[in-house]
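# Architecture and fold: a report
Residue strings, one per chain:
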Amino acid sequence: MKDLEALDFFRDDALVADPYPYFEALRGKCPVQREPHHGVMMVTGYDEALQVYNDTDTFSSCVSVTGPFPGFPVPLEGDDVSELIERHRDELPLSDQLPTLDPPLHTAHRALLMRLITPKRLKENEASMWRLADRVLDDFLAGGEGDAIDDFAGPFTLLVIADLLGMPEQDRDEFARTLRSTSGGGIGGTGEETLAHSPLEFLYERFVPYIEDRRREPRDDVLTGLATATFPDGSVPDVEDVVRVAANVFAAGQETTVRLLGAALKQIAEDPALQRTLRSERDRISNFVEETLRVESPIKGDFRLARVPTTVGGVDIPAGTILMLVNAAANRDPRHFDDPAAFDPARKNARRHIAFGRGAHTCPGAPLARAEARVGIERLLDRTGDIRISERWHGPAGDRRFRYVPTHILRGLTHLTLEFTPAGDEAR
């Protein structure tokens, strides 16, 4: 590894596929340390990350998605930048998205989402996941080889989230085609268009008529429940507020779960002994999913902006400082996880990971993601006799069998070519 001072975490391509030595080196010096290229305070320690996640009074989420890249519209000067944040918040990219909101607005908008993701609805949704998994697997398994990301994880998670939202069946294929064509670079990516907003704009356009229609003519479906939900104080949200929540669920709920499934399937395909264990002892799959989330967090980290001077892990943090809470590093903190780089599907404290964040912004879709991963893995194991990474690669990346997404904030496989032996009709 090059000297830490020379490495630019946000720009260096060498860190895309394997950032973990960099994280370990950072944490070895100090779990809270400023990186030299963008002035971001990197929080790589577990306890230190929890401190920031749980303190919404001191740390704003207004830069949660974008970090330092767009810059703040005005200089953040003084010992309390709270007023500047509120005055210029709407000028920041993606400021209308739930992850960038702060309480009390975030609390009100999250309440709309929780009216949708209820235990009852999740239970009903999980029951349909088995059918949806089979629907996708029918095509995926037909050739004996396929891309687990494009041909299984992506279509499966899209169908699941569409089912949760109650999206009309006749519109789902169009959604799938459009979102695949508009997905590109992500925040912190190495590509040219790293702040593309087109997928969300497309979702806004489509969900507005859905919500307006359900308000005019309520039906017994999920979209009606979302359209008629009220804020905690009883007020009726604008259509645009409801649409933003629905679009955020659709986009975020699909993308991160694809990364979770990709990491899990790669682990299974590379470890025949683990694969045999999961086939014979299905009750181990849930903890296997948790260990996958710990070892390979779908989102490497989250950003916060310090409103006032504070201290994290004994390090002074001036007001106006951007911090990156590096989930992927905190989840491998040896102070909390023994032999943290080792993948242990039976790890007793695997679920203590912070892959879904913590505090007010804990991912509300975490139960859904866990269920999708468990069902997708179990159904794939049901219908195959053996899964392995293909020795052949037919895509544009030459002979590589898998590739990681080219972004430094998100982490996941963009391609994972698997070969499999069908289990036979008895699995159906």
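Heads up: these notes are all about the structure in this document. (Residues numbered from 1 in each chain as written. Predicted model: local features only at pLDDT ≥ 70, side-chain atom pairs only at ≥ 80, totals over all residues. Heavy atoms only, no water.)

### Section: the sheet that holds strand β2 (residues 41-43)
- Overall, mixed pairing links the five strands, which are arranged β1-β2-β8-β5-β3 in an open sheet. At either end of the open sheet lies a strand with only one pairing partner, and these are β1 (32-34) and β3 (59-60).
- With two bridges connecting them, β3 and strand β5 (residues 302-306) associate as antiparallel partners. For S60, the partnering residue across the bridge sits in β5 and is L305.
- Across the sheet, helix α3 (residues 46-53) is in contact with β1, β2, β3, β5 and β8 (322-325); its angle to β8 comes to roughly 125 degrees. (Pairing = 2+ DSSP bridges. Helix = DSSP H or I, 4+ residues; strand = E, 2+ residues; numbered from the N terminus. Contact = heavy atoms within 4.5 Å. Axes fitted to C-alpha atoms, helices over the stretch in contact; angles between N-to-C directions.)

### Some details on the pattern of salt bridges
- In total, this model carries 35 salt bridges according to the counting rule given.
- Here E86 makes a salt bridge to R307, at a shortest N to O gap of 3.8 Å. Here E86 is found in helix α4 (residues 82-88), whereas its partner R307 is found in the loop between β5 and β6 (310-312), with 221 residues between them in sequence.
- What makes E86 partly exposed here is its relative accessible area of 46%.
- When its relative accessible area of 9% is taken as the criterion, R307 is described as buried.
- Here D96 ties to R244 by a salt bridge, and the two come within 3.4 Å at their closest N and O atoms. In this pair, D96 is assigned in the loop between α4 and α5 (105-116) and R244 in helix α11 (residues 239-270), connecting sequence segments 148 residues apart.
- Three or more residues are tied together by salt bridges with common partners; here these are D134, D138, R282, E378, R379, D382 and R383. (Salt bridge = Lys/Arg side-chain N within 4 Å of Asp/Glu carboxyl O. Buried < 20%, exposed > 50% of the residue type's maximum accessible area, 1.4 Å probe, protein only.)

### What to know about the packing of aromatic side chains
- Going through the model one piece at a time under the given rule, you end up with 13 aromatic pairs.
- Aromatic side chains F10 and F303 sit 6.2 Å apart centroid to centroid with 35 degrees between the ring planes, which places their arrangement in the tilted category. Taken together, the residues span a long stretch of sequence, with F10 in the segment before α1 (14-17) and F303 in strand β5 at a distance of 293 residues. The same class applies to F10 as to F303, namely buried.
- Following the ring pairs from residue to residue traces out a cluster consisting of F9, F10, Y20, Y22, F23, F69 and F303.
- Positioned over the ring face of F337 is R294, at 5.2 Å from the centre of the ring. (Phe/Tyr/Trp six-rings, centres within 6.5 Å; stacked < 30°, edge-to-face > 60°. Lys NZ or Arg CZ within 6 Å of the ring centre and 35° of its normal.)

### Regarding the nonpolar core
- In terms of nonpolar packing, the biggest core is built from 83 residues, with F156, F207, F250, L265, I377 and L418 touching the most fellow members.
- Sorting elements by how many residues they give to this core places α11 first, with 15 residues.
- Counting 27 residues, the second-largest nonpolar core is a separate cluster that includes L4, F72, L92 and I409. (Core = buried A, V, L, I, M, F, W, Y, C linked by side-chain atoms within 4.5 Å.)

### Some words on the environment of L50
- One can find L50 in helix α3.
- Those residues in contact with L50, other than ones at most four positions away along the chain, are I354 and R358.

### A word on the pairing of β8
- Neither face of β8 is open: one carries I322 and M324, the other L323 and L325, and all of them are buried.
- Of the strand pairs in this sheet, β2 and β8 are connected by three bridges, and their pairing is parallel. Bridging across to β8, M42 finds its partner in M324.
- Bridging between β5 and β8 involves four bridges; their strand directions are antiparallel. Bridging from a neighbouring strand, F303 pairs with M324 of β8.

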